[in-house]
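Here is what each chain is made of, one letter per residue.
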Amino acid sequence: MPADADCVFCKIASGQLPASIVRQNQTWMAFLDITPLSEGHLLVIPKDHYLTLSELPDEVCGQIGSALPTLGRALIQVTGADGFNLLQNNGPVAGQVVPHVHFHLIPRRHDDGLGYRWNAGKYAPGREADVISAFRNALA
Ligand code: 5GP
Ligand code: ZN
């Protein structure tokens, strides 16, 4: 995937723009979010330009995914946080602002006041079976 000349994360990946990098390899880079939700808020990006998770090749996603436990442990050690959220927004409707796929690791504390609405619902009678069937067909 070629870099996108207008993409801020492509510029960070190529070194055109500075970032506070905590770890990187050939495939991915982890750096501090410039406007953190809490101190130590990390972003992990593939170095190549992909818009969303759906476009990310399995191999690249696998490399990033296998780095997440280590990054999470470091985040807890460095920040002393009580826990962390792994957040990954796909598309503007889901809150994605930077159109280059990325994973947020957000340190959490019991009294941090962060949160989101989790308006849990219920399936209408019979609907769950329809949804399961649609998924199984899509994944067949
Ligand atoms: P999104 O809403 O797209 O999931 O999150 C994008 C994140 O990228 C935001 O948390 C924002 O603070 C961060 N961000 C945007 N531009 C830059 C930048 O130039 N450098 C760094 N380090 N983070 C950025
Ligand atoms: Zn990009």
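Just above sits the structure.
Residues numbered from 1 in each chain as written. Chains lettered and ligands numbered in written order. Predicted model: local features only at pLDDT ≥ 70, side-chain atom pairs only at ≥ 80, totals over all residues. Heavy atoms only, no water.

**Some thoughts on the pairing of strand β2 (residues 28-32)**
The criterion, for reference: For each residue, the accessible area found with a 1.4 Å probe, counting protein chains only, is set against the maximum for its type, and the residue is called buried under 20%, exposed over 50%, and partly exposed in between. Elements are defined by DSSP. Helices are runs of H or I of four residues or more, strands are runs of E of two residues or more, and each kind is numbered from the N terminus. Two strands form a pair only when DSSP identifies at least two bridges running between them.
Of all five residues making up β2, four are buried, and the element is well covered by its neighbours. With three bridges joining them, strand β1 (residues 21-24) and β2 adopt antiparallel strand pairing. Paired with Q24 across the two strands is M29, which belongs to β2. Taking the residues that link successive antiparallel strands as the turn, the β1-β2 hairpin has three residues. With five bridges joining them, β2 and strand β3 (residues 42-46) adopt antiparallel strand pairing. For M29, the partnering residue across the bridge sits in β3 and is I45.

**A closer look at the environment of I12**
In this structure, I12 sits in helix α1 (residues 8-14). Remark: the alpha-carbon pair of I12 and M29, spanning 17 residues in sequence, is separated by 9.0 Å.

**Some remarks on the coordination of the zinc ion (ligand 2)**
Test applied: Metal donors were taken as nitrogen, oxygen and sulfur atoms no farther than 2.8 Å from the ion, or 3.2 Å where the ion is Na, K or Ca. Water is excluded, so coordination may look unfinished. The rule is simple: four donors are tetrahedral if all their angles sit between 85 and 135 degrees, four are square planar and six octahedral if opposite donors span more than 155 degrees and the others lie between 65 and 115, and anything that fits none of that is irregular.
The protein atoms that coordinate the zinc ion (ligand 2) are C7 (SG), C10 (SG), H49 (ND1) and H100 (ND1), at distances of 2.0 to 2.2 Å. Every donor counted, the four donor atoms about the zinc ion (ligand 2) form angles of 103 to 116° at the centre, which fits tetrahedral coordination. If you list the donors of the zinc ion (ligand 2) from N- to C-terminus, the spacing comes out as C-x2-C-x38-H-x50-H. Within this pair, whereas H49 is found in the loop between β3 and α2 (58-79), its partner H100 is found in the loop between β4 (83-87) and β5 (103-108), the two being separated by 51 residues in sequence. Like H49, the residue H100 is buried in the burial classification.

**Considering the side chain of H100**
For the record, the criterion: Counting of polar contacts relies on pairs of N or O atoms within 3.5 Å, with two restrictions inside protein: one atom must be capable of donating a hydrogen and the other of accepting it, and residues adjacent in sequence are counted only when both atoms are side-chain atoms. Throughout, a contact is declared for two residues whenever any of their heavy atoms are within 4.5 Å.
Residue H100 is classed as buried on the basis of its relative accessible area, which comes to 0%. In terms of polar contacts, H100 uses its side chain to reach the backbone carbonyl oxygen of P46, at 2.8 Å. Reaching out from H100, the side chain makes a polar contact with the backbone oxygen of D48 at a distance of 3.3 Å. If near-sequence neighbours (up to four positions away) are discounted, H100 is found in contact with C7, F9, C10, I45, P46, K47, D48, H49, Y50 and L51.

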